[in-house]
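Below, each chain spelled out in residue letters.
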Amino acid sequence: MMFPRLFEKGKIGSLVLDNRIMKAPTFGCMANPDGSVTERLIRSYEEVARGGVGLVIVESAAIDQKSSGGMPGGISIATTEHIPGQASLAQAIHDLGAKAALQLGHAGRDKFSTTIPAKAPSRIPGPTPTLGGRRHLSP
Ligand SMILES: Cc1cc2nc3c(=O)[nH]c(=O)nc-3n(C[C@H](O)[C@H](O)[C@H](O)COP(=O)(O)O)c2cc1C
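Residues numbered from 1 in each chain as written. Predicted model: local features only at pLDDT ≥ 70, side-chain atom pairs only at ≥ 80, totals over all residues.

## Observations regarding the overall build of the protein
Then step 1. A tally of regular secondary structure across the protein gives two helices and eight strands.
Then step 2. For the protein, the sequential pattern of α-helices and β-strands runs β-β-β-α-β-β-α-β-β-β.
Then step 3. The long-range fraction of contacts in the protein, counting pairs at least 24 apart against all pairs at least 6 apart in sequence, stands at 58%. (Helix = DSSP H or I, 4+ residues; strand = E, 2+ residues; numbered from the N terminus. Contact = placed C-beta atoms within 7 Å.)

Structure (structure tokens):
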């Protein structure tokens, strides 16, 4: 066998995984416009968990509702209102035997918005024009 340890238990700190297969975060643009999870989004992660991976890394989640969303339909964890949906998503993944992690996201200069200026660390423009303008944080 090419990867003899793939199906052995894995450990990240105190987190024990059933195997060493991990699902990389990939945004699916299935969230509501406010970044809350939808039934469709939960069903898609259930399919991944049902496939038998040890750890599902949920797609990049905006940490600041106004300036960090990278994609329409992207998920957000910026407000307390997002918590119940996130809890349901984690539960759905756990119910199928996988562990769940969440990627924190800040799209910086590539933030999606037509009205709110993007916050970016430097003056360097992104590959595509940023709608809504940019506010760089460097001097
Ligand atoms: C549709 C799509 C969505 C993605 N979303 C994310 C994401 O939310 N966060 C992230 O770090 N990478 C994201 N990626 C990158 C993937 O996680 C992965 O790193 C990339 O596809 C390279 O792996 P590969 O060479 O096996 O395709 C995305 C990729 C695709 C194709």
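What follows continues from the structure just given.
## Looking at the nonpolar core
Then step 1. The biggest cluster of nonpolar side chains holds 17 residues, and the ones touching the most others in it are Tyr-45, Ala-49, Val-56, Leu-89, Ile-93 and Ala-98.
Then step 2. When residues of this core are assigned to their parent elements, the largest contribution, five residues, is made by strand S4 (residues 55-62).
Then step 3. When residues no more than four places from it in sequence are discounted, the contact partners of Val-56 are Lys-23, Tyr-45, Val-48, Ala-49, Ile-93, Ala-98 and Ala-100. (Core = buried A, V, L, I, M, F, W, Y, C linked by C-beta atoms within 7 Å. Buried ≥ 20, exposed ≤ 12 C-beta atoms within 10 Å, placed from the backbone.)

## Looking at the pairing of S4
Then step 1. Of all eight residues in S4, seven are buried, a share of seventy percent or more.
Then step 2. Two strands pair when backbone bridges link them, and strand S3 (residues 22-23) and S4 are joined in this way by two bridges, in the parallel orientation. The residue of S4 that forms the bridge with Lys-23 is Val-56.
Then step 3. The handedness of the S3 to S4 crossover, carried by helix H1 (residues 39-50), is right-handed. (Pairing = 2+ DSSP bridges. Right-handed = clockwise from strand over helix to strand, strands pointing away.)

## A short note on the site of the ligand
Then step 1. In the vicinity of the ligand, the contacting residues are Ala-24, Pro-25, Thr-26, Phe-27, Glu-59, Ser-60 and Gln-103.
Then step 2. Looking at side-chain class alone, the shell around the ligand contains three nonpolar, three polar and one charged residues. (Near = placed C-beta within 6 Å. Nonpolar A, V, L, I, M, F, W, Y, C, P; charged D, E, K, R; others polar.)

## Digging into H1
Then step 1. For H1, spanning twelve residues, the distance from its first C-alpha to its last is 16 Å, which sits close to the expected 16 Å at 1.5 Å a residue.
Then step 2. Along H1, the residues that are buried comprise Leu-41, Tyr-45 and Ala-49. Down the axis of H1, the sector holding all buried residues measures 80 degrees, keeping them to one side. Exposed residues pointing more than 90 degrees away from the buried face of H1 are listed as Glu-39, Arg-40, Arg-43 and Glu-47.
Then step 3. Residues of H1 that are buried make contact with S4 and helix H2 (83-95).
Then step 4. One or two residues past the end of H1 sits Gly-52, with phi positive at roughly 100 degrees. (Expected span 1.5 Å × (residues − 1). Arc of directions from axis to C-beta.)

## What about H2?
Then step 1. Between its first and last C-alpha atoms H2 spans 18 Å; for 13 residues at 1.5 Å apiece the expected length is 18 Å, and the two agree.
Then step 2. The complete set of buried residues in H2 reads Gly-85, Leu-89, Ala-92 and Ile-93. Buried residues along H2 cover an arc of 95 degrees about the axis, so they all sit on one side. Structural note: H2 exposes Ile-83, Pro-84, Ala-87, Gln-91 and Asp-95 on the side pointing more than 90 degrees away from its buried face.
Then step 3. Among the structural elements, H1, S4 and strand S6 (99-105) are those in contact with the buried residues of H2.
Then step 4. One or two residues past the end of H2 sits Gly-97, with phi positive at roughly 90 degrees.

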